[in-house]
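One letter stands for each residue in the lines below.
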Amino acid sequence: MKKFIFILATVTLLNSNVFADTNTSVIMDNDEYTEISPKYIAIITPYKNLSISDGKATCYGYTKTQDNYKAKVKVELQKLNSTWTTIKSWEKTSTSSSATIDKTYSVTKGYSYRLKTTHYALNSSGSVVDSVVKYSSTVSY
């Protein structure tokens, strides 16, 4: 009977996502929870934030990777006309496991804006081993 229960429990675990979920982490991201699934093993934290005040857009992007990878982040400020168009972009590659961009840019009233952030993990030779694209919430100004 014990052998039957052990086999049944093993089959149940193998048919579920228990093993896939053991490396999953949840982070707070603009008051929303973002789940990083195991397919992003090298990227720990892809974070972005956009705020607009007095005609200035503050654009923030942050990438944190596992210690044995270098981080790279690309931040694109996008404006909505009939489609989303990138009006300004910045990119930073770090020699360590985290990269941050924190920039301001003048924007025009009467439009909606968002950030498109692309987060990368690079190996020691500079090749991309992981990447993820995230969009901020839309901010109307």
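These numbers were taken from a predicted model, which means no experiment stands behind them.

Participant: Could you clarify how one ought to interpret the sheet that holds strand β3 (residues 43-53) in this entry?
Facilitator: Pairing between the strands of a sheet is mediated by backbone hydrogen bonds and can be parallel or antiparallel. One open sheet holds the 3 strands; their spatial order is β3-β4-β7, and the pairing between them is antiparallel. The open sheet terminates on both sides in strands that have one partner only, identified here as β3 and β7 (98-106). Each neighbouring strand pair of the sheet contributes to a mean axis angle of 5 degrees, computed without reference to strand direction. In terms of strand pairing, β3 meets strand β4 (residues 56-65) through 10 bridges, oriented antiparallel. Across the sheet, Leu-50 pairs through a bridge with Cys-59, a residue of β4.

Participant: Is there a simple way to think about the environment of Leu-115 in this case?
Facilitator: Examined against the element boundaries, Leu-115 turns out to sit in strand β8 (residues 112-122). On a C-alpha basis, the gap between Leu-115 and Gly-61 in space is 8.8 Å, while along the polypeptide they are 54 residues apart. Contacts of Leu-115, omitting those with residues within four sequence positions, involve Asn-49, Leu-50, Cys-59, Tyr-60, Val-75, Glu-76, Leu-77, Lys-134, Tyr-135 and Ser-136.

Participant: Help me understand the environment of Thr-138, please; the structure alone is not making it clear to me.
Facilitator: Note that Thr-138 resides in the loop between β9 (128-135) and β10 (139-140). What makes Thr-138 partly exposed here is its relative accessible area of 46%. Sequence separation between Thr-138 and Leu-115 is 23 residues; the distance between their C-alpha atoms is 8.1 Å. Ignoring any residue separated from it by four or fewer positions in sequence, one finds Thr-138 in contact with Trp-84, Ser-112, Tyr-113 and Arg-114.

Participant: Hey, could you run me through the nonpolar core in this one?
Facilitator: If you look at the biggest cluster of nonpolar residues, it comprises 15 residues, and the most contacted ones within it are Leu-50, Ile-52, Ala-57, Cys-59, Val-75 and Leu-77. Excluding anything up to four places from it in sequence, Ala-57 contacts Leu-50, Ser-51, Ile-52, Leu-77, Lys-103, Thr-104, Tyr-105 and Val-107.

Rules and cut-offs
- Residues numbered from 1 in each chain as written.
- Predicted model: local features only at pLDDT ≥ 70, side-chain atom pairs only at ≥ 80, totals over all residues.
- Heavy atoms only, no water.
- Pairing = 2+ DSSP bridges.
- Helix = DSSP H or I, 4+ residues; strand = E, 2+ residues; numbered from the N terminus.
- Axes fitted to C-alpha atoms, helices over the stretch in contact; angles between N-to-C directions.
- Contact = heavy atoms within 4.5 Å.
- Buried < 20%, exposed > 50% of the residue type's maximum accessible area, 1.4 Å probe, protein only.
- Core = buried A, V, L, I, M, F, W, Y, C linked by side-chain atoms within 4.5 Å.

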